Every structure is written in C-alpha cells, then in structure tokens.
There are 2 protein chains.
Amino acid sequence: MSKSLEFLTEALRRLPGVGPKSAQRMAFHLLQHDRDGADMLSRALQQAVHAVHHCALCNTFTEDEVCNTCSDERRERQLLCVVETPADQLMIEQTLTYKGLYFVLMGRLSPLDGIGPKDIHLEKLLARAADGLVTEVVLATNFTNEGEATAHYISEMLKARGLRVSRLARGVPVGGELEYVDAGTIARAMLDRRAT
Amino acid sequence: MSKSLEFLTEALRRLPGVGPKSAQRMAFHLLQHDRDGADMLSRALQQAVHAVHHCALCNTFTEDEVCNTCSDERRERQLLCVVETPADQLMIEQTLTYKGLYFVLMGRLSPLDGIGPKDIHLEKLLARAADGLVTEVVLATNFTNEGEATAHYISEMLKARGLRVSRLARGVPVGGELEYVDAGTIARAMLDRRAT
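Not measured: the values here are computed from a predicted model.

Draft legend 1. Broad picture of the nonpolar core. In terms of nonpolar packing, the biggest core is built from 62 residues, with A:Leu12, A:Leu15, B:Leu8, B:Leu12 and B:Leu15 touching the most fellow members. In contact with A:Leu15, other than residues within four places in its own chain, are B:Leu12, B:Leu15, B:Met26, B:Leu30 and B:Leu41.

Structure follows, in structure tokens:
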C-alpha cells in the first residue's frame with residue numbers, strides 16, 4: 001500500500017469506534033468516490049482545531065469568548081443545568097421545556113479511568129454557580145453508575161455552599177410497558193410516585 | 001452548536017458508515033481528547049488527495065506512475081489476477097501463494113447502481129491483459145451475485161480475445177463442518193470434486 005494511504009488509514013483510526021478494516025474502507029471510499037469530501041473534511045478539522053475552545057461561562061465548545069446560549073438575554077439566569085456533554089445539552093434543548101442556562105462538565109467522575117474532580121472542571125462549576133443569580137442547580141448527568149456518582153459528588157459540594165440542588169426525575173419512560181421495564185426502574189417509580 | 005463544529009460534523013458524515021450521532025461523537029472526541037489526532041487526520045487527507053492516483057498498469061492506488069507490485073521484477077508476468085478492490089488484493093497477498101500481477105477493477109458491475117463496464121475500467125484491463133506476456137487471467141472477484149456477474153462478463157470478453165481465463169475455486173471453507181455449510185456451497189463442492 002502507498003505511504004500516503006497508510007498514513008491516512010492510520011490517522012482515520014484515531015476516530016472513536018474506527019478499527020483497521022473500517023479505516024481502510026473509509027480511505028478507499030474517499031479516494032475512489034469522494035475526493036471533495038476528503039478535502040472538505042481536512043479543512044473542517046483544521047478550522048475546528050484552531051477556532052474551537054471552551055466557553056468561559058458554561059465550558060461547552062464555542063468559537064467566541066462566551067457561547068450563544070450563555071449570551072442569550074432571554075434565558076433564565078436563576079436556573080443552571082449540569083450535563084456531561086454538549087450532546088446531552090442538545091437533547092435537553094430539543095425538549096423545549098428548559099429555559100435556564102447550562103454547565104457542561106465535558107466528562108464524568110470515573111476513578112477507574114483516572115478522571116477526578118479536576119478533570120470535569122468542578123472549580124469552574126463552583127465559581128459559575130456562585131454568581132449570585134443562580135438559585136437552583138439541576139443535575140442532568142446520565143443515570144449510569146458514573147453519572148449518578150458524579151451527581152452525588154456535585155450535589156454534596158454545592159449544598160455545602162448553600163445552593164439548592166435538584167436531579168432529573170427517574171421513572172417509567174413515556175410509552176413504557178411495565179412488563180418490559182426493569183425492576184430497578186419500577187422500584188424507583190414506586191418510591192417517587194406522585195399524587196394525581 | 002458553533003459553526004466550525006457543525007461544519008466538522010457535516011464533513012465527518014461523508015465517511016462511509018458514519019451517521020449523525022457518530023459524527024457528533026467523533027467531533028467531540030477529537031476536540032476534547034485528541035486535537036493532535038485531528039491535526040494529523042487533516043494533513044493525512046490533504047496529502048492523500050494530492051499524492052494518490054491510479055497505477056498506469058494495474059489501476060490500484062499509488063503515488064508513483066506504476067505501483068510497487070507492478071514494478072517488482074520478481075513477480076511472474078504471465079499471471080494476471082483480477083480483483084474488485086485494493087483490500088481484496090491485500091488479502092490475496094497475505095496468503096503468500098500468488099506470485100503473479102494484479103488488475104484492480106475498483107468496483108464491480110452493478111446495473112442497479114448504474115455501474116457499467118466503463119466504470120470498472122474494462123478497456124484498461126483489456127489493454128493490460130493483451131500485453132503479450134500474460135498467458136492466464138485469474139478472476140478473483142467476490143462470490144456475490146454482482147462479483148459472479150462481473151467475472152462472467154470479463155471471462156467472455158477475454159476469451160473472445162483468445163486469452164486463458166480461470167476463476168478461484170469454490171467449495172467448503174477450510175475448517176468448515178458440512179452440517180453448518182449452506183447447501184449451495186456443498187452442491188458446488190460436489191460438482192467440482194477433485195481426484196485425490
């Protein structure tokens with residue numbers, strides 16, 4: 001195989017979820033059928049690496065000092081929602097039910113992978129939540145073991161500073177049939193049952 | 001989402017097998033954890049697009065006028081093996097059983113996708129096979145419907161010019177147990193049975 005092709009295949013393997021066979025298939029596809037696409041991807045990578053950094057307020061990716069969401073005057077400044085990733089933030093935005101602001105951890109606590117409080121920017125979150133305007137922090141980390149541990153850690157940290165902290169509700173998913181929902185979720189939904 | 005990020009996500013979707021969620025995950029991963037990788041991939045794409053073209057003889061990808069395999073003096077010039085892709089050629093090379101040369105179609109006949117004889121460079125193959133040195137053409141296209149149809153078409157075309165044409169043997173795979181091999185393969189193996 002030619003040197004440029006080997007280098008390209010090796011570089012494509014840096015993408016998450018791409019193994020040797022996929023990388024080879026991608027390289028051949030781009031060179032045979034989509035050289036414009038290859039050129040576009042090259043420029044997009046270069047541009048993103050140079051232009052994108054973290055929002056000074058919410059820590060998400062942005063090209064500006066402060067991201068669009070944080071600088072939007074119409075958002076409610078008293079609510080701060082903590083999510084693990086920009087993708088999680090996008091999902092919450094799509095529900096159109098939340099009008100407050102965000103803080104993006106860019107990860108979760110995971111001692112086994114060596115990811116501690118410093119790696120998820122908890123100092124920055126603390127400063128952000130203590131701006132005097134925020135009255136409630138909504139924890140929207142994932143409901144995995146690591147996400148739950150992260151929520152617990154942040155909750156303790158913020159409550160010690162006198163902030164009000166809440167967590168997304170757990171329960172049976174919309175459209176869920178009890179027969180097919182796991183017992184842990186049903187147990188949680190029973191404990192958290194609400195008056196109608 | 002920032003413009004550079006949107007552009008990057010869109011560009012990553014040009015890779016085969018990458019949907020919107022994967023593209024987003026890849027973009028976030030590169031920017032958060034592997035900016036060196038993003039930079040490397042950008043350069044690799046640029047280099048490959050500019051340097052890589054098709055071998056004048058066998059049609060595979062190369063940076064030179066003629067690829068390494070075709071210019072290797074030790075290969076047998078009387079055998080020409082026809083494969084669909086460079087990946088197929090690599091697989092045959094790995095068997096260490098073939099010392100002849102190759103012709104890479106860069107595709108297969110597929111009328112439903114609008115891929116006809118011109119798209120798989122059959123004129124170039126014809127010129128290559130008629131160089132006066134080649135005495136046998138080995139058809140090693142895939143054993144799919146389209147690969148078989150391609151082999152049949154090429155076989156007719158080359159035999160009309162008086163060339164000897166062969167096809168890779170079909171049969172029970174090495175290590176195969178009859179109980180788990182499909183009936184079509186067993187029928188073929190029975191028809192092509194060999195004296196021992």
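Draft legend 2. A look at the environment of A:Gly107. All names here are of chain A. Looking at where Gly107 falls in the secondary structure, it is placed in the loop between β4 (101-104) and α5 (122-129). Distance from Gly107 to Ala38, taken between C-alpha atoms, is 30 Å for residues 69 residues apart in sequence. The residues touching Gly107, leaving out its near neighbours within four places in the chain, are Glu84 and Ile120.

Draft legend 3. View of the relation of the copies chain A and chain B. The two copies are related by a screw motion: chain A maps onto chain B through a turn of 180° and a shift of 0.1 Å along the axis, at an RMSD of 0.1 Å. Here the transformation between the copies is reduced to the relation of a two-fold axis. Among all C-alpha atoms of chain A, that of A:Ser42 lies closest to the rotation axis, at 2.0 Å.

Draft legend 4. Structural detail: the interface of chain A and chain B. Chain A puts 52 residues into the contact, and the matching count from chain B is 52 residues. Here chain A is connected to chain B by two salt bridges. Linking B:Asp34 and A:Arg14 is a salt bridge whose minimum nitrogen-to-oxygen distance equals 2.9 Å. Inspection of the chain A/chain B interface yields 19 residue pairs in polar contact (both at pLDDT 80 or more). Elements that contribute at least two residues to the side of chain A that touches chain B include exactly α1 (3-12), α2 (20-33), α3 (35-51), β1 (53-54), β2 (61-62) and α4 (86-94) of chain A. In terms of residue count, α3(A) provides more of the side of chain A that touches chain B than any other element does, 16 residues in total. Split by residue class, the side of chain A that touches chain B holds 28 nonpolar, 13 polar and eleven charged.

Draft legend 5. Expanded view of the sheet that holds strand β6 (residues 164-167) of chain B. All names here are of chain B. An order of β4-β3-β5-β6 is seen for the four strands of this open sheet, with the pairing classed as parallel. The open sheet has two edge strands, β4 (101-104) and β6, and neither has a second partner. Within this sheet the neighbouring strands show an average axis-to-axis angle of 25°, counted without direction. As defined by bridge partners, strand β5 (residues 136-139) adjoins β6 across four bridges and the pair is classed as parallel. Across the sheet, residue Glu136 finds its bridge partner in β6, namely Arg164. Here helix α4 (residues 86-94) sits on the sheet in contact with β3 (79-83) and β4, set at roughly 160° to β4.

What counts as what
Residues numbered from 1 in each chain as written. Chains lettered and ligands numbered in written order. Predicted model: local features only at pLDDT ≥ 70, side-chain atom pairs only at ≥ 80, totals over all residues. Heavy atoms only, no water. Core = buried A, V, L, I, M, F, W, Y, C linked by side-chain atoms within 4.5 Å. Buried < 20%, exposed > 50% of the residue type's maximum accessible area, 1.4 Å probe, protein only. Contact = heavy atoms within 4.5 Å. Helix = DSSP H or I, 4+ residues; strand = E, 2+ residues; numbered from the N terminus. Least-squares fit on C-alpha atoms with pLDDT ≥ 70 in both. Salt bridge = Lys/Arg side-chain N within 4 Å of Asp/Glu carboxyl O. Polar contact = N/O pair within 3.5 Å; in protein donor to acceptor, adjacent residues only side chain to side chain. Nonpolar A, V, L, I, M, F, W, Y, C, P; charged D, E, K, R; others polar. Pairing = 2+ DSSP bridges. Axes fitted to C-alpha atoms, helices over the stretch in contact; angles between N-to-C directions.

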